[in-house]
Amino acid sequence: MQTRFTTSPTTIIRPNGHLNAANASEFGRELAAAITAEPTATVLVDMEEVESLDSAGLMVLVSALTLSQGRNQRFSLCGISASIRIIFELTQLDRVFEIFENQAAFEKALAQASNHLAIA
């Protein structure tokens, strides 16, 4: 279902195919495990290979975001296709999630945040 890479302090999860009711529970468990494995890790879900997303898949992402926020961890998404982005916009979750165009844009934002903290 997904591929998980850990690049301290970032854990990258790359689901593929369909995130739907058929596999949402499994994906949710994998996300929760990734979030709780490293207490200070940033989690990035790279959705470049996700073909479709239903309400069950969306709720798993919301639950993972909530878990991350409760642990003071950064939880971001990237690589969302135009058709899936519409789902986030219609539900106004694009205002809740930190969404990047791709992994490079995420890494650039992370580096800028680190530089800003170093200066402050």
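Residues numbered from 1 in each chain as written. Predicted model: local features only at pLDDT ≥ 70, side-chain atom pairs only at ≥ 80, totals over all residues. Heavy atoms only, no water.

**Student:** What's the story with the overall build of the chain in this structure? I'm lost.
**Tutor:** Helix and strand content of the chain: four helices and six strands. A total of 120 residues make up the chain; the buried ones form 37% of that total. Considering only contacts within the chain whose residues lie at least 6 apart along the sequence, 69% involve residues at least 24 apart. For the chain, the accessible area works out to roughly 6,600 Å², and carbon and sulfur atoms hold 52% of it. (Helix = DSSP H or I, 4+ residues; strand = E, 2+ residues; numbered from the N terminus. Buried < 20%, exposed > 50% of the residue type's maximum accessible area, 1.4 Å probe, protein only. Contact = heavy atoms within 4.5 Å. Areas by Shrake-Rupley, 256 points an atom, 1.4 Å probe, with all protein chains shown as cover.)

**Student:** Any chance you could explain the environment of R85 here in plain terms?
**Tutor:** By the element assignment, R85 lies in helix α3 (residues 82-90). With a relative accessible area of 28%, R85 lands in the partly exposed category. For the pair R85 and I99, spaced 14 residues apart in sequence, the C-alpha to C-alpha distance is 9.5 Å. The contacts of R85, once residues within four sequence positions are left out, are I80 and I99.

**Student:** So what exactly am I meant to see when it comes to the pattern of salt bridges here?
**Tutor:** For side chains bearing opposite charge, pairing can occur when the charged atoms are close. Evaluated as defined, the whole model comprises two salt bridges. Put simply, R14 and D46 hold a salt bridge, and the shortest N to O gap is 3.3 Å. You can see R14 sitting in strand β2 (residues 10-19) and its partner D46 sitting in strand β3 (residues 42-46), a full 32 residues away along the chain. Take R14: its relative accessible area is 24%, and that puts it in the partly exposed class. Salt-bridge contacts for E98 lead to R74; the nearest nitrogen and oxygen are separated by 2.7 Å. A residue pair is termed long-range when its members are at least 10 positions apart, and E98 in strand β6 (residues 98-100) and R74 in the loop between α2 (55-70) and β5 (75-78) qualify at 24 residues. Overall, the relative accessible area of 29% leaves E98 in the partly exposed class. (Salt bridge = Lys/Arg side-chain N within 4 Å of Asp/Glu carboxyl O.)

**Student:** What exactly am I supposed to notice about the nonpolar core here?
**Tutor:** Here is a general trend for soluble globular proteins: nonpolar side chains tend to be buried in one another's company. L31, M47, L61, F75, L77 and F88 are the most contacted members of the largest nonpolar core, which totals 24 residues. For this core, the elements supplying multiple residues, two or more each, are β2, α1 (24-37), β3, β4 (49-53), α2, β5 and α3. The contact partners of F88, leaving out residues within four places of it in the chain, are L53, L58, L61, L77, I80, L93, D94, F97 and I99. Counting six residues, the second-largest nonpolar core is a separate cluster that includes L44, C78, F106 and A109. (Core = buried A, V, L, I, M, F, W, Y, C linked by side-chain atoms within 4.5 Å.)

**Student:** I would appreciate a short explanation of the pairing of β3 in the present structure.
**Tutor:** Two faces belong to every sheet, and in a regular strand the side chains alternate between them. Burial runs high along β3: five of the five residues are buried. Going residue by residue along β3, you find T42, L44 and D46 tucked away on one face and V43 and V45 tucked away on the opposite face as well. Relative to β3, β2 runs parallel, the two sharing four bridges. In the strand pairing of β3, T11 is matched with V43. This β-α-β element, β2 to α1 to β3, shows right-handed connectivity. Of the pairings in the sheet, the one linking β3 to β5 comprises four bridges and is parallel in character. (Pairing = 2+ DSSP bridges. Right-handed = clockwise from strand over helix to strand, strands pointing away.)

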